[in-house]
Amino acid sequence: MSVQNNKIRVRFAPSPTGYLHVGGARTALFNYLFAHHQGGQFIIRIEDTDQARSTEESLKIILHDLKWLGLEWNEGPDSENLQDRGQHGPYYQSRRLAIYSQYAQKLLQEGKAYYCFLSDEEIEAQRAKAIQDGRPPQVQSPYETWSLEQAQSYMKEKDIKGVVRFKTRSLKKDYVVPDLIRGEVRFPSDMVGDFVLLRSDGMPVYNFCCVIDDALMEISHVLRAEEHLPNTLRQLMIYEACGWNPPAFGHMSLILNEERQKLSKRQGAVSCAEFREMGYLPEALNNFLALLGWSSPQGQEILSMEELIQQFTLDRLNPAGAVFDVKKLKWMNSVYLRALPEQELWQRVEPFLAKANLELPTEMEWRIRALKVFKTSMEVLKDAEELFRPICDKHFFISEEAQEALAWESSPVVLKSWLKNLEARAQDYMTEEEFVALQELVKNESGVKGKHLFMPLRVAVIGKPQGAELKILVPLLNLKSLIHRAQQVLNRY
RNA sequence: GUCCCCAUCGUCUAGUGGCCUAGGACAUCACCCUUUCACGGUGAAUACAGGGGUUCAAAUCCCCUUGGGGACGCCA
């Protein structure tokens, strides 16, 4: 069996033991971009050999988030019914057990692997000793020299099971990984001890399944995070033992937190779901993630998925780790937000408003007008909640910051004039021009101008002295609620 | 501890020996626009970790040091 290098096939292989981390999302994105740029296939494989931690719930979340990001896959589990789709399945490692066992048997028979009966305690003692002696903490199994028959009869006789370890002793001195991102990386083969292929319950372990699957699924390029670089040595050994040509490898830098450590759950949001719930747009998240370790040849910062695909090449990947800068993500999100037509923006904002329990006018015309006013002050969709809340009568309240403006001597005069003139009106909504004229009237009646005029007025409209321009805000409120609000403010005195 | 990776403004980065007096973006600050806030506009400040080589020439190539990170599982 040999890998067909004329066909570009890449994969993203999550283990369903949690949410989709932004680091995973970026790995998936880069694989997706590479595949599409090259006209290749993007495959999802589920690494669920850790049965204790894998859940269907997590699988659903991960697939849902990948879809939310727009990273559709050509082969792998269907995001709806979770059934396999594609010609290289099964795509769940838990359903490929017979395959792994078959290859493990072969290695066992060829003397490239052996059964080992070391206990956890014995292994732990070896590790401790090795570290103490300044050696890498590796297992040195006395069972390495046993023949397969000897081990089998031992298991039968004692009625015990052992793990299958890969034999590294007879291997060549060092291995070179021709890495697409960091050049040739040389590993001495004594860097690893005899590692486990099959657990004692027969379940295979990551490095083993990964090789078998990548080979059988005809994966041409393995693009993954740098933390897997040391695993590559083990995998190269397995490829060799199986007589297969390894795929091309590219190890991408890690995403770091402000302390320059691997980004983890400890410090704030790291899952796609969290960013979605905070109101980040998938296109903004993709764009931001793409710029973590990759740059456009023209230095373009805002790129659509199409542009990313078109411009994406591996040679522009940066080998150094990248700090996840939420401020820049926010900025980018606001750029995408503002670029969205109001009608579409409303669709995205609506679930947030509904969740915040805000009842608002239903006419599309009103919604568009409202969003035109608010979108310059939105960074994330969730910001709409605070922006729309004052518009909603049952959430109207007079804020703390309003006190100063209300305390001005001239304010009651302004407010009384405002209320009187409102009450004289009949029309439900005011136009911008009508409001400007009305404001002029209040100004003349009260003899107050400048901030002493418009600050109390703004308080009478939205309950706080700062916010969008009154002439755009006022036309969003109907007469009844404007009057009611003015009354509430006047009742303060 | 051992092995591996990495190193340009606070952050993301451009830069593949002369175009670098080091460019862009976010953030910061100032000014302009604006009867507030935001948006927008203009501008400022800020970086080649240190030391040795190689070369006519080094941010770019080599070595060392330092710093950071990752990996050393019957996790992936």
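### Considerations on the sheet that holds strand β5 (residues 113-116)
An order of β5-β6-β9 is seen for the three strands of this open sheet, with the pairing classed as antiparallel. Looking at which strands have only one partner, the edges of the open sheet turn out to be β5 and β9 (196-198). Each neighbouring strand pair of the sheet contributes to a mean axis angle of 45°, computed without reference to strand direction. Of the strand pairs in this sheet, β5 and strand β6 (residues 163-166) are connected by four bridges, and their pairing is antiparallel. Of the residues in β6, the one forming a bridge with Tyr115 is Val164. Its contacts with the sheet put helix α3 (residues 97-109) on β5, β6 and β9, and the angle it makes with β5 is roughly 95°.

### What about the environment of Gly250?
Residue position: Gly250 is located in strand β11 (residues 248-252). Note on Gly250: relative accessible area 0%, which makes it buried. Residues Gly250 and Leu171, spaced 79 residues apart in sequence, show a C-alpha to C-alpha distance of 24 Å. Sequence-distant contacts of Gly250, defined by excluding residues within four places in its chain, comprise Asp179, Leu180, Ile181, Val222, Leu223 and Arg224.

### A word on the protein's contact with RNA strand B
Not every one of the 61 residues close to RNA strand B is listed here, only the nearest: Thr49, Arg127, Arg182, Arg199 and Phe454. The sugar-phosphate share of atoms of RNA strand B within 4 Å of the protein amounts to 72%. Take Pro137: an N or O atom from its main chain is 3.3 Å from a phosphate oxygen of RNA strand B. A distance of 3.0 Å separates a sugar or linking oxygen of RNA strand B from a polar atom in the side chain of Glu226. Only α4 (120-132), β6, β8 (183-188), α7 (229-242), β13 (322-323), α11 (326-339) and α18 (451-462) provide two or more residues apiece to the surface near RNA strand B. Considering each element in turn, the surface near RNA strand B owes the most residues, four residues, to α11. Taken together, the residues of the surface near RNA strand B sort by class into 23 nonpolar, 17 polar and 21 charged.

### Comments concerning the pattern of salt bridges
Scanning the model with the defined rule gives 33 salt bridges in all. Ionic pairing is found between Arg276 and Asp65, a salt bridge with its closest N-O pair at 2.4 Å. One end of the pair, Arg276, is in helix α8 (residues 272-277); the other, Asp65, is in helix α2 (residues 56-69), and 211 residues separate them in sequence. Judged by its relative accessible area of 0%, Asp65 falls in the buried class. Between Glu385 and Lys382 there is a salt bridge, with its nearest N and O atoms 3.3 Å apart. Owing to a relative accessible area of 11%, Glu385 belongs among the buried residues under this scheme. A single network of salt bridges, built from pairs that share partners, joins Arg11, Arg45, Glu47, Arg96, Asp213 and Asp214.

### Considerations on the pairing of β6
For a regular strand, side-chain orientation follows a simple rule: the groups alternate between the two sheet faces. Here β6 shows no split at all, with Val163 and Arg165 on one side and Val164 and Phe166 on the other all buried. Summarising the sheet, β6 and β9 pair through two bridges and their orientation is antiparallel. What sits directly across from Arg165, in β9, is Val196.

### Quick word on the confidence of the model for chain A
Counting all residues, the mean pLDDT for chain A is 92, and 98% of those residues have values of 70 or more. Taken as a whole, residues 1-5 scores under 50 in pLDDT and shows nine contacts with residues more than four places along the chain or in a different chain.

### As for the packing of helix α16 (residues 411-423) against helix α20 (residues 479-490)
Their axes nearest at 10 Å, the elements α16 and α20 cross at an angle of 150°. Put simply, α16 runs roughly antiparallel to α20. Regarding α16 and α20, the two cross each other, and that crossing is left-handed. Packed against α16, whose contacting residues are Pro412, Leu415, Lys416, Trp418, Leu419, Leu422 and Glu423, the element α20 presents Leu479, Leu482, Ile483, Ala486, Gln487, Val489 and Leu490 at the interface.

### Details of the packing of aromatic side chains
Taken as a whole and assessed by the stated rule, the structure comprises 17 aromatic pairs. Pairing Phe117 with Tyr154 gives two aromatic rings, centres 4.9 Å apart and planes at 55°, and the pair type is tilted. In this pair, Phe117 sits in the loop between β5 and α4 while Tyr154 sits in helix α5 (residues 148-158), placing the two residues 37 residues apart along the sequence. An aromatic cluster of at least three residues, connected via ring pairs, comprises Phe117, Tyr143, Trp146 and Tyr154.

Reading the values: the criteria
Residues numbered from 1 in each chain as written. Chains lettered and ligands numbered in written order. Predicted model: local features only at pLDDT ≥ 70, side-chain atom pairs only at ≥ 80, totals over all residues. Heavy atoms only, no water. Pairing = 2+ DSSP bridges. Helix = DSSP H or I, 4+ residues; strand = E, 2+ residues; numbered from the N terminus. Axes fitted to C-alpha atoms, helices over the stretch in contact; angles between N-to-C directions. Contact = heavy atoms within 4.5 Å. Buried < 20%, exposed > 50% of the residue type's maximum accessible area, 1.4 Å probe, protein only. Near = heavy atom within 4 Å. Polar contact = N/O pair within 3.5 Å; in protein donor to acceptor, adjacent residues only side chain to side chain. Nonpolar A, V, L, I, M, F, W, Y, C, P; charged D, E, K, R; others polar. Salt bridge = Lys/Arg side-chain N within 4 Å of Asp/Glu carboxyl O. pLDDT = per-residue confidence, 0-100. Parallel < 35°, antiparallel > 145°, perpendicular 65-115°, else oblique. Left-handed = near helix turned anticlockwise from the far one by under 90°. Phe/Tyr/Trp six-rings, centres within 6.5 Å; stacked < 30°, edge-to-face > 60°.

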